[in-house]
Amino acid sequence: MARPRSSICVSDLIPSMNERMMGRFIIIRRFRCSSRLDTLELILADEKGDRIQASIGLDCLAYDSSRLVEGTWIFIKDFGLVDAVGSVRPTRHAYKILWNLSTSFQRTVVTASVDYFKFVRFEDVLAGLVDPSVCVDLIGRLMCVGNYDEDEGMNSTWEQIYLELENVRGIRIRCRLPKGYATKFFSGLKTCADNIILCVMRFARLELSRGDMRATTLCTCTELLFNPSCDEASRMRLAFASVERKLF
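Note that this is a predicted model, so its numbers are computed, not measured.

Under the definition given, this model contains 15 salt bridges. In this structure, the salt-bridge partner of arginine 29 is glutamate 70, at a minimum N-O distance of 3.1 Å. Taken together, the residues span a long stretch of sequence, with arginine 29 in strand E2 (residues 19-33) and glutamate 70 in the loop between strand E4 (51-57) and strand E5 (73-83) at a distance of 41 residues. In this structure arginine 29 comes out as buried when scored by relative accessible area, which is 10%. As a salt-bridge pair, glutamate 207 and arginine 205 come within 4.0 Å of each other at their nearest N and O atoms. For arginine 205, a relative accessible area of 22% translates into the label partly exposed. Through salt bridges with shared partners, one network takes in Glu164, Glu166, Arg172 and Arg174.

Here we come to the state of the cysteines. Within this structure, the stated rule accounts for 1 disulfide. The disulfide bridge from cysteine 33 ends at cysteine 219, spanning 2.4 Å between sulfur atoms. Here cysteine 219 lies in the loop between strand E12 (212-216) and strand E13 (223-226) and cysteine 33 lies in strand E2, a separation of 186 residues in the sequence. With a relative accessible area of 9%, cysteine 33 lands in the buried category. Its relative accessible area of 28% is what places cysteine 219 among the partly exposed residues. No disulfide involves cysteine 175; its sulfur sits 7.1 Å from that of cysteine 199, the nearest cysteine. Exposure remark for cysteine 175: the relative accessible area of 0% places this residue in the buried category.

Each value, and the rule that gives it
Residues numbered from 1 in each chain as written. Predicted model: local features only at pLDDT ≥ 70, side-chain atom pairs only at ≥ 80, totals over all residues. Heavy atoms only, no water. Salt bridge = Lys/Arg side-chain N within 4 Å of Asp/Glu carboxyl O. Helix = DSSP H or I, 4+ residues; strand = E, 2+ residues; numbered from the N terminus. Buried < 20%, exposed > 50% of the residue type's maximum accessible area, 1.4 Å probe, protein only. Disulfide = S-S within 2.5 Å.

Following this line, the structure appears as structure tokens:
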């Protein structure tokens, strides 16, 4: 008989035929992919901020799946692990959690000071030092927005949106958003009141375009955030504000 194991960290999760897996995680992303509409996908993180993907099939989606809300801590018991396959993965973990008919969860409360971002340097992305098979988090100041195929001003009918983000060292990275993200992008942009607009692409997919790496989306997993509340955004805002004070 499988023996239970106490709650473990994401980094300790490896398949075992002799153990019933259980763990405490926060849901940082909930999404579906058009190729797998019968599966609910979650990105989970432990108290240290390490991430792992979880998949819940249609046969395991009970009535309480509505309780799986982003930002909620849950304790999951009796789940399985399978290889994380695919040309691009949301997390770098070699495995992903597989919900089965015996898996159960309950909400819990955890006090943790982690913001659950995994930002990478623009310089490393552009130099090809970041694994393009794993999604990344990017943060930078929004510098320009455009569309190569449209002559009219910015609007949510654009088929694609191209934007550039800049870090505090003046390095820029280009990003491409498909039409499905246009409404989210312009709605978020309207909430920004000052001239320093910080934009986060969370779980961004990297792609090669004309010899340069740029960021785009991974189905609906990628999340856009404007002026988020996190330590990196606070440091970045202070740095940009300091530069502007020197200029004027």
